Amino acid sequence: MGVYCTLVVILELMTVMLQAQSPQDIAHTPLLQIDYKRLITRADLHYSKPVKKSEEGQPIGNGRMGSLVWTSPGQIKMQINRVDVFSNNSRSNNFFERNTEYTGATAYVDLDFGEQVFIEPHYSQELSCYEGVSTIRGKEVKAQVMAWNEQDVMLMQVEDHRKGQQAILANLRMLRLPLVERGNHSAVSKLEKVGDYIVLKQEFQEDDYYCASAVVLGLTGSQADAEQVNESTLRLIVNENRKPFSVFIASAATFNAKEDVVQLATDKLVAAQKLGYEKIYQSNRIWWADFWKQSYVSLTSADGEADYIEQNYTYYLYVMASSSRGKYPTKFNGMLWATGGDRRQWGNAFWGANQSCLYNALFATNHLELLDPLFNMYSTVYPTFEVAARQQWGAKGIYIPETMGFDGVPELPAAIAEEMRSLYLMQKPWRERSAKFMDYAETKLPFLSRWNWKHLGKWQKGRWTYVERGDGPYGPVNHLFSRGAKIAYQYWQKYEYTRDKKWLRDKAYPMLKGVAEFYRNFPNVKRELDGKYHIYHINDNESIWGGHNTAEEISSMRGIFPVAIKAAEILGVDKELRPLWQEFLKNLAPLTTSHDYSDMRQEAEVWVGSLPPTSAVRGNGKRLPDGNTMPVWFFDLCNPGANEQDWKIANSTFDGYFKEGINKQVYPYVLSKLPVAGAILGRVDAVRYLLPNQLRRAPEHEVMPNRMDVSEGFYTTNIQRIGRAAEALQAALCFNSPEYPGGPSIVRVFHAWPKEWNAAFNLRSRNGFLVSSAMKQGHIDFVELHAQQEGTCLLQNPWLGKKAIVFRNGRHTGHLSGELLKLPANKGDRIVLVQEGGDPTCFSSKGQDL
């Protein structure tokens, strides 16, 4: 399989650019001309037989609503999901049993053809990633399903060429009984006919919390009669008219009890019907075509491994574009693709580590808009983080927990907060906790970080009785503060990618300052006799509980303080705080290594989880940092260019995870960041083996025909592993990070790429440039830089020991030499570099592959 792109001979292109009529023409002429449709189509899904289970369906969504689309022998089936439907908030007292919350689901929709039409050999289903359409063919029937990019409406265009009078039924079904109560929480579902439409409305209420959703279904192109099947199903009966017709499914949601959610959904459906299927289809084609032009990765290799990676990367972008354009982030456990109604493991909380699998790789894709839901959620609930820092930990700044609800962290009654602080800071023995505290905790959501010491439970004599973990107030995510630092660091990264000072001032800096002040004022950060600041009674991700100077927290502080200082300097604010932060950073304890343990000093020095003498109540302080988070790498503490000692430790630490080496038999875990870490270190073997094997998973673990998996449990259809692999791929192709936190980013093309794999890419870098390059048979043909704003690109010379010829906006401007090339640019400039003495005609002519 080739890389379908048109490569223009450099010298000819330069002549064309010189003859351009204006600088604007030059600046808008990229060197690589890509056939995007051919490239993206390689990621399409092709089913020749019906799926075995609903989770294998094909994803269709507009970023706010969506569904997998699957079939039974006689039906096309969907579960309509939304990113903004939550049955309860974080203050709920009725979902104390794990995995019982309702999240996202709004309705079942089935199109029933009355007989078995979706059977072999007549069946096929194809997903076009380029257009966002799933096409289903059966015995004399065909349907196309898509989601309107502009409004929350899904559409199905149906063709029925069967002979006879068989009616088609469009069923709208409830997810549960019309009334379901848990304590004082109620879930009310109501079906009704409104004019020519059928409607399902859901309302969730508990205390002062309210959330509602509505799904409205209507047709065009055929007459239909409504019929109530039973209390949970209402349907439209399509008459025997065999002309093509369209099914429109609109949805809406609200947290305002005074808002008419049914009218909101109805208005969307009316707008869609006025346009009709064909115009919406054309609108979607334009939207998707523009989406795909923002960046690309095109890969090929003789063994097919690079092609396989490319297909998954493109699919990652398709799925995120289809599920992350709403008010809230798409959830890791099911995304918009849950098919089991209300059931999904891990409930409705957001797990920071799991969410990062979906979102970390989006920066370089040049689709920063897909990150907006994540940033919007955290920024909206910022005030709750301030209250939580003070109430729960007795600190200043902000506390962002690892796991939280969409509404942030609830405020506590003063007496409960006071006791919580003393218990969680280890100032009061757990055995002395009060009955009042335990009674308050009894009904709280067990997956939220502050209550995560609550473990499994069971019903006894009509009462839910949970079992404590046995480790006092500790749990997998309770004493874990690094999530706040990681979120704040991503706010900083968005500034690096965009150089948007307004973003830095209004959004990023409050996060950076809040996290820095939290650490500086955290009661269990203490300056010890060695003159260093130490942190106690904290986790190393979920692996070590109650540790001392854990890898997670020391990495977080060493990452967050430099960028907080840099941001304050850029903005010219908080002059009085900067010296305090600088003093804290200067005297902060170093990362813990194996040589801090006397019995490990004869071995290669590696970073480990916790400092001795460890007070960890669970976990081994001597273990390597958690492979699912790799905090030292995340915070730019061991990038190329780091000091020699840290670089040596980083490589030894990485090797420590692979005692038998890296080969085809090594399969990283779904959440593992080891492929990312390996790519950052320039380890080609990590890219060659770990990256494709993370996508495949070990033979005993399932990857479904839609490339998704249910690794998190029941009805948790997701692409976490594909997101992690996308992050590793970007680092291998175009690593562009600073040598230290807050430093200038350096672009390194094909940093860890196997020379036998051909590749071409266009990715966004952390210095505000779009970077394009191509490698064929181990030779880097060119590097093109497109400045998104005024700035300077630092580029590691791709042709070390040789000069690089520089063209700026089509004009030869000289050459550069040395290891690091410095290229200032104005917004819109295109800079092309080629190797001096190289053969520019190494590029294929139009229509040829790399």
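Residues numbered from 1 in each chain as written. Predicted model: local features only at pLDDT ≥ 70, side-chain atom pairs only at ≥ 80, totals over all residues. Heavy atoms only, no water.

Q: Can you explain the overall build of the protein chain? Please cite residues and give values.
A: Secondary structure summary: the protein chain contains 19 helices and 37 strands in total. Taking 29 Å as the expected radius of gyration for a compact globule of 850 residues, we find that the protein chain reaches 28 Å, a close match to that expectation. In the protein chain, buried positions account for 64% of the 850 residues. Across the protein chain, contacts joining residues at least 24 apart in sequence account for 67% of those joining residues at least 6 apart. Total accessible area computed for the protein chain in this model is approximately 30700 Å², and 48% of it derives from carbon and sulfur atoms. Computed over 96 positive and 94 negative side-chain charges, the inter-centroid distance for the protein chain is 2 Å. (Helix = DSSP H or I, 4+ residues; strand = E, 2+ residues; numbered from the N terminus. Rg over C-alpha atoms; globule rule 2.2 N^0.38 Å. Buried < 20%, exposed > 50% of the residue type's maximum accessible area, 1.4 Å probe, protein only. Contact = heavy atoms within 4.5 Å. Areas by Shrake-Rupley, 256 points an atom, 1.4 Å probe, with all protein chains shown as cover. Lys, Arg positive; Asp, Glu negative; His and termini not counted. Charge placed at Lys NZ, Arg CZ, Asp CG, Glu CD.)

Q: Any details on the sheet that holds strand 27 (residues 544-548)? Residues and values, ideally.
A: The strands making up a sheet associate through hydrogen bonds between their backbones, and the pairing can be parallel or antiparallel. The antiparallel open sheet is built from three strands, whose spatial order is 25-26-27. What marks the edges here is a single partner per strand, and that holds for strand 25 (525-527) and strand 27. On average, each strand axis in the sheet is tilted by 15 degrees relative to the strand beside it, whichever way the strands run. Bridge count between strand 26 (residues 533-540) and strand 27: three bridges; the pairing is antiparallel. Directly across from Asp540, in strand 27, lies its bridge partner Ile544. (Pairing = 2+ DSSP bridges. Axes fitted to C-alpha atoms, helices over the stretch in contact; angles between N-to-C directions.)

Q: Would you mind going over the packing of aromatic side chains in detail, with residue names and values included?
A: One pass over the full model with this rule turns up 58 aromatic pairs. Where Phe363 meets Phe375, the ring centres are 6.5 Å apart and the plane angle is 55 degrees; that geometry is what we call tilted. Of this pair, Phe363 sits in the loop between helix 6 (352-359) and helix 7 (372-380) while Phe375 sits in helix 7, and the two are twelve residues apart along the sequence. As far as the burial class goes, Phe363 and Phe375 line up, both buried. (Phe/Tyr/Trp six-rings, centres within 6.5 Å; stacked < 30°, edge-to-face > 60°.)

Q: I'd like a description of the packing of helix 7 against helix 8 (residues 382-393), backed by residues and values.
A: For the pair helix 7 and helix 8, interaxial distance at closest approach is 4 Å and the crossing angle is 50 degrees. With respect to their mutual orientation, helix 7 and helix 8 come out oblique. Along the contact surface, helix 7 presents Tyr378, Ser379 and Thr380, while helix 8 presents Tyr382, Pro383 and Phe385. (Parallel < 35°, antiparallel > 145°, perpendicular 65-115°, else oblique.)

Q: Now, about the pattern of salt bridges: what can you tell me, with residues and values included?
A: Scanning the model with the defined rule gives 36 salt bridges in all. Between Asp152 and Lys268 there is a salt bridge whose closest N-O contact spans 3.2 Å. Of this pair, Asp152 sits in the loop between strand 10 (141-147) and strand 11 (153-160) while Lys268 is found in helix 4 (residues 261-292), placing the two residues 116 residues apart along the sequence. Salt bridges here are not isolated pairs; linked through shared partners, they connect Arg64, Arg82, Asp84, Asp152 and Lys268. (Salt bridge = Lys/Arg side-chain N within 4 Å of Asp/Glu carboxyl O.)

Q: Quick rundown of the environment of Tyr489? Include the residues and the values.
A: Secondary-structure assignment places Tyr489 in helix 11 (residues 482-498). For Tyr489, a relative accessible area of 0% corresponds to the buried category. A sequence separation of 71 residues divides Tyr489 from Ile560, and the C-alpha atoms of the two residues are 6.6 Å apart. Leave out the neighbours within four places in its chain, and Tyr489 touches Leu512, Gly559, Ile560, Val563, Phe634, Phe635, Asp636, Pro741 and Arg766. Reaching out from Tyr489, the side chain makes a polar contact with the side chain of Asp636 at a distance of 2.6 Å. (Polar contact = N/O pair within 3.5 Å; in protein donor to acceptor, adjacent residues only side chain to side chain.)

Q: So what about the sheet that holds strand 12 (residues 168-173)? Which residues, and what values?
A: Pairing in this open sheet of seven strands is antiparallel, and the strands run 4-5-6-7-12-18-17 from one edge to the other. Each end of this open sheet is capped by a strand with a single partner; those strands are strand 4 (58-61) and strand 17 (224-230). Taking each pair of neighbouring strands and ignoring which way they run, the sheet shows an average axis angle of 25 degrees. When strand 5 (residues 65-72) meets strand 6 (residues 75-86), the two strands line up antiparallel, connected through six bridges. Along strand 6, the bridge assignment pairs Met65 with Arg82. In this fold helix 5 (residues 305-323) packs onto strand 4, strand 5 and strand 6, with an angle of close to 45 degrees to the strand it touches most, strand 4.

Q: Lay out unusual backbone geometry with the relevant residues and their values.
A: Each neighbour pair has its own omega, and for Glu120 with Pro121 the value is 0 degrees, a cis peptide bond. Positive phi, normally seen in glycine, also occurs at Asn809, with a value near 50 degrees. Tracing the backbone through its elements, the reader meets Asn809 in the loop between strand 34 (804-808) and strand 35 (811-816). Residue class for Asn809 comes out buried when judged on its relative accessible area of 15%.

Q: Break down helix 7 for me, citing the residues and quoting the values.
A: Among the residues of helix 7, those classed as buried are Pro373, Leu374, Phe375, Met377, Tyr378 and Ser379. Buried-residue contacts for helix 7 involve strand 21 (350-351), helix 6, helix 8, strand 22 (403-404), helix 11 and helix 12 (501-521).

Q: I'd like a rundown of the side chain of Thr498, residues and numbers included.
A: The topology assignment puts Thr498 in helix 11. For Thr498, a relative accessible area of 16% translates into the label buried. Within the structure, Thr498 has its side chain in polar contact with the backbone oxygen of Lys494 (distance 2.8 Å). Setting aside residues up to four positions removed in sequence, Thr498 forms contacts with Leu368, Arg764 and Gln789.

Q: Quick rundown of the pairing of strand 23 (residues 454-460)? Include the residues and the values.
A: Pairing of strand 23 with strand 24 (residues 463-468) involves five bridges; the strand directions are antiparallel. For Trp459, the partnering residue across the bridge sits in strand 24 and is Trp464. What sits between strand 23 and strand 24 in their antiparallel hairpin is a turn of two residues, with Lys461 showing a positive phi close to 55 degrees.

Q: Can you tell me about the packing of helix 12 against helix 14 (residues 578-586), naming the residues and giving the values?
A: For the pair helix 12 and helix 14, interaxial distance at closest approach is 11 Å and the crossing angle is 55 degrees. Judged by the inter-axis angle, helix 12 sits oblique to helix 14. Between helix 12 and helix 14 the crossing geometry is left-handed. Taking contact as the criterion, the partners of Tyr509, Lys513, Ala516, Glu517, Tyr519 and Arg520 in helix 12 are, on helix 14, Leu580, Trp581 and Phe584. For the contact of helix 12 with helix 14, the per-class residue count stands at six nonpolar, no polar and three charged. (Left-handed = near helix turned anticlockwise from the far one by under 90°. Nonpolar A, V, L, I, M, F, W, Y, C, P; charged D, E, K, R; others polar.)

Q: I'd like a rundown of the confidence of the model for the protein chain, residues and numbers included.
A: In the predicted model, the protein chain carries a mean pLDDT of 93, and 95% of its residues have values of at least 70. Segment residues 1-27: pLDDT under 50, and 69 contacts once partners within four positions in sequence are set aside and those in other chains are kept. Low pLDDT, under 50, characterises residues 839-849; the predicted model gives this stretch 25 contacts beyond four residues in sequence or across chains. (pLDDT = per-residue confidence, 0-100.)

Q: Describe the pairing of strand 31 (residues 769-776), listing the residues and the values that go with them.
A: Taken across its eight residues, strand 31 has seven buried, putting it largely inside the fold. Pairing of strand 30 (residues 757-764) with strand 31, which is carried by six bridges, proceeds in the antiparallel orientation. Across the sheet, residue Ala759 finds its bridge partner in strand 31, namely Met775. Taking the residues that link successive antiparallel strands as the turn, the strand 30-strand 31 hairpin has four residues, and the phi of Gly768 there is positive, at about 85 degrees.

Q: Which residues make up helix 10 (residues 435-442), and what values do they have?
A: Two residues of an α-helix separated by three or four positions point the same way, owing to the 3.6 residues in each turn. Within the sequence span of helix 10, burial applies to Phe437, Met438, Ala441 and Glu442. Along the axis of helix 10, the buried residues cluster in a sector spanning 135 degrees; they form a single face. Exposed residues lying more than 90 degrees from the buried face of helix 10 are Ala435, Lys436 and Asp439. On the buried face of helix 10, the contacting elements are helix 9 (414-424), strand 23 and strand 24. (Arc of directions from axis to C-beta.)

Q: Go over the nonpolar core, please, and point to the residues and values.
A: Core analysis: the largest hydrophobic core is formed by 242 residues, its most contacted members being Tyr378, Phe437, Ile560, Trp633, Trp753 and Leu833. Residues contacting Phe437, with those up to four places away along its chain left out, are Ile416, Glu419, Met420, Leu423, Tyr424, Trp430, Trp451 and Trp453. Residues Met146, Ala212, Phe248 and Ala252 belong to the second largest nonpolar core, which totals 22 residues. (Core = buried A, V, L, I, M, F, W, Y, C linked by side-chain atoms within 4.5 Å.)

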